[in-house]
Amino acid sequence: MYACYAEMNNKRFNGQRLRDALQFRAKKMSELSRETGISRQSLSLYANNENIPPFENLKKIADNLSFPIEYFMAEDLCTTVTNNTYFRSQAVAKKKEQNAQKIKLEYTAKMYEILLQYVDFPELKLPYSLKFNSNIHEPQYMTADCIMDDIEELATHVRKSWEIDDGPIDNLQYLLEFNGIIVTCFKNVDSKIDAFSQKVNISGKGSVYIVALATGEKPQCRLNFDMAHELGHILMHNWDDSNEDLEREEFNNLERQANMFASALLLPRESFSKDISAYSTDVDFYRSLKKKWHVSIQAMMYRARQLNIITENQFQYMMRTVSAKGWRTHEPYDTPGVLNSNIFQGAMDLLFEGEYLTAKDLISEFNRNGVYLNQDDMENLMGLHQGTLNTGDKIIQFVPKIKCNN
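What comes next is a walk through the structure. No experiment lies behind these values; they were computed from the predicted model shown. (Residues numbered from 1 in each chain as written. Predicted model: local features only at pLDDT ≥ 70, side-chain atom pairs only at ≥ 80, totals over all residues. Heavy atoms only, no water.)

**Quick word on the sheet that holds strand β1 (residues 81-87)**
Backbone-to-backbone hydrogen bonds pair the strands of a sheet. The strands run either parallel or antiparallel.
Part 1 of the argument: Sheet architecture is open: 4 strands sit in the order β1-β4-β5-β3, paired in mixed fashion. Of all the strands in the sheet, just β1 and β3 (182-186) have a single pairing partner and so form its edges. Strand-to-strand, the axes of this sheet are offset by a mean angle of 25°, without reference to chain direction.
Part 2 of the argument: Note that β1 and strand β4 (residues 195-202) share 5 bridges and pair antiparallel. (Pairing = 2+ DSSP bridges. Helix = DSSP H or I, 4+ residues; strand = E, 2+ residues; numbered from the N terminus. Axes fitted to C-alpha atoms, helices over the stretch in contact; angles between N-to-C directions.)

This is how it looks when you write it as structure tokens:
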């Protein structure tokens, strides 16, 4: 019997599910009490399995939190174990917002595990080559030439290992997915959270990394940098210890390293340097290069400073010019940031269009394994097109395992 199977006999209210649902919606118990009219004391007893809510209260809770009633009756027996989570802008994002995204990633991982019954996703292939000095986390090491040289070496190695030339990367999402990294996007995420990633261990299946992009008003070039930044965390940093244990400066060091890697990967030293050599201090010239490199004007200017092509004084003057032009938040040629059809969408298309499985069958399988979410949440967590999981009536009996390379 599959390890993720959730036995549904003798159903009983699961208090942990109430706590999880509150975390999922970034809600406090006091808010739920106020909005449902259920006393906070009663909710606390439900959450600690010290009392079972009457059905009337259960329905109020389910409706308020937008979860199926069955969600609160299921046991979670999935084998997925999540590790550390890396957040961009972690220092300024609210804790409850971070926790909401963490549990959402966990449910994304559970659905991925269930889909492994039907789909062979691309194998994880990470181009490791870098062994950082043991004092990499020391603030003074960040300014040493050796750390930048190591990161440049790693970025070059990634391009060679993944067979990327030294030009612009047209579709980083595809490269990540082709090499086994899952990319999804979450809508309606706190504006202080840019992107986040998580390592997931699945019993008997090994590990997988999930990168979640916070889509909305962010331009495409920002999403490209976010993906490269998260890849830097995946390749360079420790996934066993919690970031919550890090001092602020230690965390900022990790963020700077990931930013340095993203710049080095997206804007290779030699080819990018040649491109900007003639007009390296002309802001309008960077504007013309944006269409080629798919990177923001400001990120290209930071890279030019990083490579010592421009001086600090020149960089500061150029940044003031950017501000004067009103480009700090909205640059020219900013196109809406969207996720291309990802590996999850590719799997759904193969299953549904090939009539191996229907949306109704798949949702039933998620439910059978203890994953009870509404359709909108499922589509959001897997980065699917709206309506992908609209249910149908046709049931296919035979389900062969298929390859999904998106």
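**Some points on the pairing of strand β5 (residues 206-214)**
Part 1 of the argument: Here β5 lies mainly inside the structure; 7 of its 9 residues are buried.
Part 2 of the argument: Looking at chain direction, β3 and β5 are connected through 5 bridges and run parallel. When the bridges of β5 are listed, T184 appears paired with A212.
Part 3 of the argument: Of the pairings in the sheet, the one linking β4 to β5 comprises 8 bridges and is antiparallel in character. (Buried < 20%, exposed > 50% of the residue type's maximum accessible area, 1.4 Å probe, protein only.)

**Side note on the packing of aromatic side chains**
Part 1 of the argument: This model, assessed by the stated rule, comprises 17 aromatic pairs.
Part 2 of the argument: The interplanar angle of 70° and the centroid separation of 6.2 Å between the aromatic rings of F67 and F72 together place this pair among those described as edge-to-face. An identical accessibility class is assigned to F67 and F72; each is buried.
Part 3 of the argument: One residue, K110, lies across the ring of Y107, its end atom 5.6 Å from the ring centre. (Phe/Tyr/Trp six-rings, centres within 6.5 Å; stacked < 30°, edge-to-face > 60°. Lys NZ or Arg CZ within 6 Å of the ring centre and 35° of its normal.)

**Points about the pattern of salt bridges**
Part 1 of the argument: Applying the stated criterion across every chain yields a total of 13 salt bridges.
Part 2 of the argument: In this structure, the salt-bridge partner of E249 is R256, at a minimum N-O distance of 2.8 Å.
Part 3 of the argument: Classification of E249 by relative accessible area gives partly exposed; the value is 36%.
Part 4 of the argument: Where salt bridges share partners, they join K290, E331 and D334 into one cluster. (Salt bridge = Lys/Arg side-chain N within 4 Å of Asp/Glu carboxyl O.)

**Points about the packing of helix α2 (residues 29-36) against helix α3 (residues 40-47)**
Part 1 of the argument: Relative orientation of the contacting elements α2 and α3 amounts to 120°, with a least axis distance of 9 Å. Judged on the interaxial angle alone, α3 and α2 are oblique. The crossing of α2 and α3 is right-handed. Contact residues: α2 offers M29, S30, L32 and S33, while α3 offers R40, L43, S44 and A47.
Part 2 of the argument: Class assignment for the residues of the contact of α2 with α3 results in 4 nonpolar, 3 polar and 1 charged. (Parallel < 35°, antiparallel > 145°, perpendicular 65-115°, else oblique. Left-handed = near helix turned anticlockwise from the far one by under 90°. Contact = heavy atoms within 4.5 Å. Nonpolar A, V, L, I, M, F, W, Y, C, P; charged D, E, K, R; others polar.)

**A few points about the environment of I309**
Part 1 of the argument: When you line up the elements, I309 lands in the loop between α12 (297-306) and α13 (312-324).
Part 2 of the argument: A sequence separation of 28 residues divides I309 from T281, and the C-alpha atoms of the two residues are 9.1 Å apart.

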